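# Structural features, examined
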Amino acid sequence: MASRLNRQRLPVLPVATVLGDVLRQVGDVRVTGIHTVAPVHLAPDPAAALLYSAGWYELADPGAVKEITVTVSGREAELAGRAGRVRDEALACTYGSVTVEPETTDVDLPGLALPLTGEMQTEGMRRALAFRCRVPMWSLDAAAWLTEVFVEALRVTGTTEPVMITVSR
């Protein structure tokens, strides 16, 4: 099964779009973030899609910049040691549309509440990285895009295990 999935773009944006559509049907729901358990080792190079999206966010109101917290949890012991490289790759993937600054992982960061459903997939994961990002706008689409940015940054820097990426306001 994994070999058939290899080189396909991870469906982060389609899932976020469906989630947003469903929540609008439920009523007035304010989404403050998303958790994504991503098989980083199966992700292809999404450079063209990330570049296209970065251009789209350049159209956003410059006064509407939002601060977002991105955390990465995983099982790989050396994940935390790659923080600088992950930050640099994330910046490169946003083509100047986002700022990315390291955040300490031992403070209580704003974000989504734990525990999660699907705890079997996240069992043994520990928060290893945290970043403060300034993005042109907040939306589920922007959260999905930022998730894909960090999937790519993690892939390029050698992550070989699934990770949980949390993007939250």
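What comes next concerns the included structure. These numbers were taken from a predicted model, which means no experiment stands behind them.

Moving on: the environment of L50. One can find L50 in helix α3 (residues 47–57). According to the relative accessible area criterion, L50 is buried, its value standing at 1%. Spatially, the C-alpha atom of L50 lies 6.8 Å from that of T94, the residues being 44 residues apart in sequence. If we skip the residues at most four places from it in the chain, L50 touches C93, Y95, W145, E148, V149 and E152.

Turning next to the sheet that holds strand β1 (residues 33–38). The five strands are arranged β1-β5-β2-β4-β3 in an open sheet whose pairing can be described as antiparallel. In this open sheet, the two strands that pair with only one neighbour each are β1 and β3 (99–102). Here the strands of the sheet are splayed against their neighbours by 20° on average, with no regard to which way each runs. Two elements, strand β2 (residues 66–74) and strand β4 (residues 126–135), share nine bridges in a ladder whose sense is antiparallel. The residue of β4 that forms the bridge with I68 is C133. Across the sheet, helix α4 (residues 83–94) touches β3 and β4, and the angle it forms with β3 is around 175°.

Bringing the pairing of β4 into the picture now. Consecutive side chains along a regular strand alternate between the two faces of the sheet. Here β3 runs beside β4; their pairing, made up of four bridges, is antiparallel. Paired with P102 across the strands is F131, a residue of β4.

A few words on the pattern of salt bridges. Side chains that differ in charge, positive against negative, can pair when their charged atoms come close. Scanning all chains against the criterion turns up nine salt bridges. For E67, the salt bridge identified is with R132, shortest N-O distance 3.9 Å. Separated by 65 residues along the polypeptide, E67 in strand β2 and R132 in strand β4 bring together distant segments of the chain. Judged by its relative accessible area of 23%, R132 is partly exposed.

Applying the stated criterion to the full structure yields one aromatic pair. Ring centres 5.2 Å apart and planes at 35° place the aromatic pair F131 and F150 in the tilted group. Within this pair, whereas F131 is found in strand β4, its partner F150 is found in helix α6 (residues 140–156), the two being separated by 19 residues in sequence. Taken as a pair, F131 and F150 share a single burial class, namely buried.

Every buried residue belonging to α3 is among L50, S53, A54 and Y57, and all of these are buried. Buried residues of α3, viewed axially, fall in a sector of 105°; they line one side. Looking at α3, the residues exposed on the side facing more than 90 degrees away from the buried face are A48, Y52 and W56. The inward-facing, buried residues of α3 contact α4 and α6.

Excluding glycine, residues mostly have negative phi values, and the peptide bonds linking residues are mostly trans. Despite not being glycine, Y95 shows a phi value in the positive range, around 50°. Along the chain, Y95 turns up in the loop between α4 and β3. Under the relative-accessibility criterion, Y95 is labelled partly exposed at 38%.

Let us look at the environment of P46. Here P46 lies in the loop between β1 and α3. When the C-alpha atoms of P46 and E148 are compared, they prove to be 8.1 Å apart, with 102 residues separating the residues in sequence.

The next point concerns the nonpolar core. If you look at soluble globular proteins, the nonpolar side chains tend to sit buried side by side. Membership of the largest hydrophobic core comes to 40 residues, with the highest contact counts inside it found for C133, L146, F150, L154, I165 and V167. When residues of this core are assigned to their parent elements, the largest contribution, eleven residues, is made by α6. Excluding anything up to four places from it in sequence, C133 contacts K66, E67, I68, V70, V98, T99, V100, L146 and F150.

What counts and how
- Residues numbered from 1 in each chain as written.
- Predicted model: local features only at pLDDT ≥ 70, side-chain atom pairs only at ≥ 80, totals over all residues.
- Heavy atoms only, no water.
- Helix = DSSP H or I, 4+ residues; strand = E, 2+ residues; numbered from the N terminus.
- Buried < 20%, exposed > 50% of the residue type's maximum accessible area, 1.4 Å probe, protein only.
- Contact = heavy atoms within 4.5 Å.
- Pairing = 2+ DSSP bridges.
- Axes fitted to C-alpha atoms, helices over the stretch in contact; angles between N-to-C directions.
- Salt bridge = Lys/Arg side-chain N within 4 Å of Asp/Glu carboxyl O.
- Phe/Tyr/Trp six-rings, centres within 6.5 Å; stacked < 30°, edge-to-face > 60°.
- Arc of directions from axis to C-beta.
- Core = buried A, V, L, I, M, F, W, Y, C linked by side-chain atoms within 4.5 Å.

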